[in-house]
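# Inside the fold
Residues per chain, in single letters:
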Amino acid sequence: MPHPSTWLKPIADGLYCEPGDFFVDPLRAVERAVITHGHSDHARPGHGAVLATRETLAIMRARMGEGMAGRAQQAASFGERVQIGDVTMWLEPAGHVLGSAQVVMEYRGSRAVVSGDYKRRSDPTCAPFVPVPCDVFVTEATFALPVFRHPPADAEIARLLASVALFPERTHVIGCYSLGKTQRLIALLRAAGWTAPIWLHGALVGMCDVYAAMGVALGDLRPATVAAKASLVGQIVLAPPGAIADRWARRLAEPVVCMASGWMRVRQRARQGGVELPLVISDHADWDELNATLDDVGAPEVWVTHGREEALIHEAAKRGITGRALRLLGYGDEDDDAAAAA
Ligand SMILES: [Zn+2]
Ligand SMILES: [Zn+2]
């Protein structure tokens, strides 16, 4: 049985599956790509053939236009086996954003799983992560430090709604990424009983439309851009992270600036970004989720694509798991405005 390191190779263009002649989340335009999810650091424009879930393909088309989302697009359902060259591959849910998938590859009896980005917390807007036993598990490590332990999202939403009740004369504006975080926040607010309209910065509208078209109910959404300042008093407005500290937000009524991100666990980051109410809500696995996942998949070897690889590899070694840092450059900026969010 060939070890996955003999057929799955991290090269400059990304993770290359040699016997299938395709890349997983390539960092540059390539002939054949399998895409885990629609965030811009994983789904890049201009590939030849693209295989992904139908949701990810729809997200890619909405973000980059039909012509750049792959000349030939192939949708695969979760669990559907696809033969590519000598490799059998299929997708399993990653629980990160709508359509997000892990890529399972089998070659001559050896199996590797590329997680893409993932989380283990429940998320009403996407299918939950499924652990798949494998010989090599390729993981992210965005929040792989013991300091990163995300609180329950419900508790963060409760803090937000308490603040809204406390300051009825102010407008709460929440910075959130356009793909995933925005829709999860809306769904969490709806689950917490917030039935009022939720107001959106124009940059968030398109992706909410894609979610709604895919059957994710988000309730009454309205454009904040054209709304009069007075009608937003006591309301919740969502905006991309780059807009919350901007002139755009300052025209709202005494805005309470909030930010929903796993990075809000670091107080200094919140202070630097001018965030009054940091909400620790993440679409990435925290330290405990990462370690639990390594145990769940039971792989003797874990490869780390990006993030705090040293800490995770060190911790895994204590349990006899061999770690390898792939040092693939180019992952980690979820959205174009991620730098502003940091
Ligand atoms: Zn992502
Ligand atoms: Zn990512």
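Higher on the page you've got the structure.
Residues numbered from 1 in each chain as written. Chains lettered and ligands numbered in written order. Predicted model: local features only at pLDDT ≥ 70, side-chain atom pairs only at ≥ 80, totals over all residues. Heavy atoms only, no water.

## Thoughts on the coordination of the zinc ion (ligand 2)
How we decide: Excluding water, the donors of a metal are its N, O and S neighbours within 2.8 Å, or within 3.2 Å for Na, K and Ca, and that exclusion means sites may look incomplete. A run of H or I in DSSP becomes a helix once it reaches four residues, and a run of E becomes a strand once it reaches two; helices and strands are each numbered from the N terminus. Only protein chains enter the area calculation, which uses a 1.4 Å probe; residues under 20% of their type maximum are buried, those over 50% are exposed, and those in between are partly exposed.
Protein coordination at the zinc ion (ligand 2) comes from D41 (OD), H42 (NE2) and D117 (OD), with a distance range of 2.2 to 2.6 Å. All donors of the zinc ion (ligand 2) belong to a single chain; written as a sequence motif, their spacing is D-H-x74-D. Between the zinc ion (ligand 2) and the zinc ion (ligand 1) the interatomic distance comes to 3.6 Å, and D117 is a ligand of both metals. Of this pair, D41 sits in the loop between β4 (32-34) and β5 (49-52) while D117 sits in the loop between β10 (110-114) and β11 (136-141), and the two are 76 residues apart along the sequence. There is no split in this pair, since D41 and D117 are both buried.

## Focus on the sheet that holds strand β16 (residues 256-260)
Where we set the bar: Paired strands are those between which DSSP finds at least two bridges. Axes, fitted as lines to C-alpha atoms, cover a helix only where it is in contact. Angles between the N-to-C directions of the axes lie from 0 to 180 degrees. Contacts: residue pairs with any heavy atoms within 4.5 Å of one another.
The strand order β14-β13-β15-β12-β16-β17 describes an open sheet built from six strands, whose pairing is parallel. Across the chains shown, the open sheet's two edge strands, defined by having one partner strand only, are β14 (221-223) and β17 (277-279). Within the sheet, the average angular offset between the axes of one strand and its neighbour, ignoring direction, is 30°. Running at roughly 165° to strand β13 (residues 198-200), helix α3 (residues 181-191) makes contact with β12 (172-175), β13, β14, β15 (236-239) and β16 of the sheet. Along the sheet, helix α4 (residues 202-213) contacts β13, β14 and β15; its crossing angle with β13, the most-contacted strand, is approximately 115°.

## Quick look at the nonpolar core
Stated formally: Definition of nonpolar core: a set of buried residues of the types Ala, Val, Leu, Ile, Met, Phe, Trp, Tyr and Cys, connected through side-chain atoms within 4.5 Å.
Counting residues in hydrophobic clusters, the biggest one holds 34 residues, and the most contacted among them are L160, I174, L185, L189, I236, L238 and L279. Put simply, the parts of the chain that give this core at least two residues each are α1 (54-64), α2 (153-166), α3, β13, α4, β15, β16 and β17. Apart from the residues lying within four places of it in its own chain, the contact partners of I174 are L160, L185, I236, V237, L238, A239, I244, C258, A260 and L279. Residues L8, L27, A101 and V114 belong to the second largest nonpolar core, which totals 27 residues.

## Topic: the packing of aromatic side chains
Rule in force here: Pairing of aromatic rings covers Phe, Tyr and the six-membered ring of Trp, with a centre-to-centre limit of 6.5 Å; geometry is then stacked below 30 degrees between planes, edge-to-face above 60, and tilted otherwise. We count a charge as sitting over a ring when the NZ of a lysine or the CZ of an arginine lies within 6 Å of the ring centre and within 35 degrees of the ring normal.
The full count for this structure, using the stated rule, is seven aromatic pairs. Relative to W263, the ring of F143 lies with its centre 4.6 Å away and its plane at 55°, an arrangement referred to as tilted. With F143 in the loop between β11 and α2 and W263 in the loop between β16 and α6 (267-272), this residue pair connects regions lying 120 residues apart in the sequence. Each member of the pair, F143 together with W263, is buried. The rings of Y118, F129 and F137 are connected pair by pair, giving a single aromatic cluster. Taking the ring centre of W90 as reference, the NZ or CZ of R81 above it sits at 3.6 Å.

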